[in-house]
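# Observations on chain architecture
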Amino acid sequence: MGKLFIVATPIGNLDDITYRAVEILKSVDLILCEDTRRTIKLLNHYEIKNKLLSYHSYNEKKNLNKIIDMLNLENKNIALVTDNGTPTISDPGWILVNECYKNKIDVIPIPGASALTCSLSICGFSTDNFIFIGFLPRKEGKIKKILGKLKEYEGLIIIYESPFRVKETLKIIREIFTSEKEIFIGRELTKVYEEKIRGKIDEVIEKLDKIEQLKGEFVLIINNY
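What counts, and where the lines are drawn
Residues numbered from 1 in each chain as written. Predicted model: local features only at pLDDT ≥ 70, side-chain atom pairs only at ≥ 80, totals over all residues. Heavy atoms only, no water. Buried < 20%, exposed > 50% of the residue type's maximum accessible area, 1.4 Å probe, protein only. Helix = DSSP H or I, 4+ residues; strand = E, 2+ residues; numbered from the N terminus. Pairing = 2+ DSSP bridges. Axes fitted to C-alpha atoms, helices over the stretch in contact; angles between N-to-C directions. Core = buried A, V, L, I, M, F, W, Y, C linked by side-chain atoms within 4.5 Å. Contact = heavy atoms within 4.5 Å.

Turning our eyes to something else, we now look at the pairing of strand β8 (residues 182–187). Note on strand geometry: in a regular strand, side chains alternate between the two faces of the sheet. Summarising burial for β8: five of the six residues are buried, a large majority. Looking at chain direction, β8 and strand β9 (residues 195–200) are connected through six bridges and run antiparallel. Bridged to Arg187 within β9 is Glu195. Two strands pair when backbone bridges link them, and β8 and strand β10 (residues 218–223) are joined in this way by six bridges, in the antiparallel orientation. Within β10, the residue paired with Arg187 across the bridge is Phe218.

So, about the sheet that holds strand β3 (residues 52–54). Strand order in the open sheet formed by five strands is β3-β2-β4-β1-β5, and the pairing between neighbours is parallel. Each edge of the sheet is formed by a strand with only one pairing partner; in this case those strands are β3 and β5 (107–110). Each adjacent strand pair in this sheet contributes to an overall mean axis angle of 25°, direction not counted. Examined bridge by bridge, strand β1 (residues 4–7) and β5 share four bridges and lie parallel to one another. The residue bridging Phe5 from the neighbouring strand is Ile108, located in β5.

Moving on, we get to the nonpolar core. Where a protein is soluble and globular, its nonpolar side chains tend to be buried together. Leu170, Ile173, Ile185 and Leu208 are the most contacted members of the largest nonpolar core, which has 24 residues in total. For this core, the secondary-structure elements that each account for two or more residues are α6 (140–149), β7 (156–161), α7 (166–177), β8, α8 (201–209) and β10. Ranked by the residues each element gives to this core, the list is headed by α7, at six residues. Once you skip the residues sitting within four places of it in the chain, Leu208 turns out to touch Val166, Lys167, Leu170, Ile185, Ile197, Leu214 and Phe218. The next biggest cluster of nonpolar side chains, apart from the first, holds 19 residues, and it includes Leu32, Ile95, Leu96 and Ile105.

Right, here's the structure in full:
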């Protein structure tokens, strides 16, 4: 029976990958990835020649049985990667992992970069207690409902956000948690234009307003101690 390897890849800087991850990507029979165009850049950087199969949120259920058969019947070893960071963390993959356990297929973690832990390590807040929300819903009412339930939570609240919605999300956070609440924002982490912003919500919004074009995935951390 084959094995499924959950392989963490860099969140920006291509050098942020483990030796073990490179060896696994070289040795497996197939690599499942969200966007073959993104993954091939990483493989070319490390001179890895291997087969790629697109596996993302729109086709994961469709391809599930095919992949399980490869692992279970064809004894193939398969690696799962995401575009950036650790698979299944606000990314596709958990359905496949769950199905592997049902079929008694070994799932092996190959740890590495994650925007979540990267941001936690540099936010400067106590990380004794934190809750990870991932990406919020698109509708404002649902966002307010989720954040409203967390108002009394004592710890850090971590959210992923896109550059197109980050300012509006910050305004909702200000409305629910007050403008005095301290937050941390990390964007383009490990890249050339890495930026960290920390302060009270109004201060952070003001700094974002001065940035001509917002790019990259944002990690928002609310200090709710």
